[in-house]
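The primary structure of each chain is shown beneath.
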Amino acid sequence: MRIVLVGSTGIVGSAVAAELGKRHDIVAVGRTSGSFHVDIAEPNSVDRLFDKIGAFDALICTAGAVHYAPLNQFTSEQFEIGLRSKLMGQVNLTVRGLEYIRDNGSFTLTSGLTNEDPIRQGSSSALVNGALEGFVRSAAIELGRGLRINLVSPTLVQESVHLYGDYFPGTVSMPVSEVALGYAKSVEGGQTGRVYRMGWVRDG
């Protein structure tokens, strides 16, 4: 398969590339690194990316920014960061990618646990992650052509504890190599409309 991997040099993206690159052709995409560049927060940049890449069999996105701050200090502009990047960036990769993805292909997007397991300063993250879950479930019943879409929702990965651990007190982390298996399951399996929770379970 020819797999477009957006966010290919990040902590999660690098692990996904290592796992799926054993068996497939990885098209590495990043904001400033990789074979192709894209700013997923800008729809025109997404369009230019697909024009350059052409047809593909699967798309994975492990990219997307959100802002963390106390709720009473949040501004509309700070909420817009997550809405334009992690949410609409991934939505646009999917919707605009429909023209280029081959029949029976798949999209795999990335969320996180904050919409189910809230953290302080994480209201924007929770908002975006919850919206992504709704989008993936809805899109799954409309894609057609044998196309599939799933969402990987990882816990805190061990390799980024030094960066984000203070936001997630008491949260059990998971090796990123194991998180990468969720992406392999989405791409190489047969399910659609699923949320693969890696390293955590939903309450109730």
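First, a word on what this report is: a plain description of the structure on this page. Source: prediction; values computed, not measured. (Residues numbered from 1 in each chain as written. Predicted model: local features only at pLDDT ≥ 70, side-chain atom pairs only at ≥ 80, totals over all residues. Heavy atoms only, no water.)

### Overview of the packing of aromatic side chains
For clarity, the threshold we go by: Pairing of aromatic side chains here covers Phe, Tyr and the six-membered ring of Trp, requires ring centres within 6.5 Å, and sorts the geometry by plane angle: under 30 degrees stacked, over 60 edge-to-face, intermediate tilted. Counting from the N terminus, the helices are DSSP H or I runs at least four residues long and the strands are E runs at least two residues long.
As enumerated under the stated definition, the model contains four aromatic pairs in all. The interplanar angle of 20° and the centroid separation of 5.4 Å between the aromatic rings of F50 and Y100 together place this pair among those described as stacked. Note that F50 is positioned in helix α2 (residues 43-53) and Y100 in the loop between α3 (76-97) and β5 (101-110), a separation of 50 residues in sequence. Cluster of aromatic residues (ring-pair linked, three or more members): F50, F56 and Y100.

### Some thoughts on the layout of surface pockets
Stated formally: Whether a set of points on the 1 Å grid over the protein atoms alone is a cavity depends on a 1.4 Å probe fitting there but being unable to get out, while an open set qualifies as a pocket with protein on both sides within 12 Å along at least five of seven lines; lining residues are those with an atom within 4 Å of a point. Grid points are joined across faces, edges and corners, and a volume is the space filled by probe spheres set on the points. Any residue that is not Ala, Val, Leu, Ile, Met, Phe, Trp, Tyr, Cys, Pro, Asp, Glu, Lys or Arg is counted as polar, Gly included; the first ten are nonpolar and the last four charged.
Size it by volume and the largest pocket reaches roughly 1000 Å³. Elements that contribute at least two residues to the lining of the largest pocket include exactly α1 (11-20), β2 (25-30), α3, α4 (123-140) and α5 (161-164). Broken down by element, the lining of the largest pocket gets its largest block of residues, three residues, from α1. Residues belonging to the lining of the largest pocket are distributed by class as follows: 19 nonpolar, 19 polar and three charged.

### Quick word on a nonpolar patch on the surface
Put simply, the test is: Think of a patch as exposed residues, more than 30% relative accessible area, with no salt bridge, where like charges cluster within 9 Å and nonpolar side chains (Val, Leu, Ile, Met, Phe, Trp, Tyr) cluster within 5 Å. The accessible surface values rely on the Shrake-Rupley method and a 1.4 Å probe; as for residues, cover is taken only from the protein chains in view. The working definition used for a salt bridge is a side-chain nitrogen of Lys or Arg within 4 Å of a carboxyl oxygen of Asp or Glu. When a residue's accessible area, from a 1.4 Å probe over protein chains only, is under 20% of the maximum for its type it is buried; when over 50% it is exposed; and in between it is partly exposed.
On the surface, a cluster of nonpolar side chains totalling about 270 Å² of accessible area is made up of I11, L163 and Y164. Mapped onto the secondary structure, Y164 falls in helix α5. Among the residues examined, Y164 registers a relative accessible area of 39% and is labelled partly exposed.

### Notes on the pattern of salt bridges
Under the criterion given, the structure shown has eleven salt bridges. Ionic pairing is found between R23 and E19, a salt bridge with its closest N-O pair at 3.0 Å. Judged by relative accessible area, which is 15%, E19 ranks as buried. Exposure remark for R23: the relative accessible area of 40% places this residue in the partly exposed category. A network of salt bridges, in which partner residues are shared, links E19, K22, R23 and E188.

### A closer look at the nonpolar core
The tendency in soluble globular proteins is for nonpolar side chains to be buried as a group. Operational definition: To define a nonpolar core, start from buried Ala, Val, Leu, Ile, Met, Phe, Trp, Tyr and Cys residues and group those joined through side-chain atoms within 4.5 Å.
In this structure, V4, V6, V29, F56, L93 and I149 are the most contacted members of the largest nonpolar core, which totals 31 residues. Sorting the residues of this core by element identifies β1 (2-6), β2, α2, β4 (56-61), α3, β5, α4 and β6 (148-154) as the ones contributing at least two each. No other element matches the five residues that α4 contributes to this core. Listed in part, the 19 residues of the second largest apolar core include L5, V12, A58 and M198.

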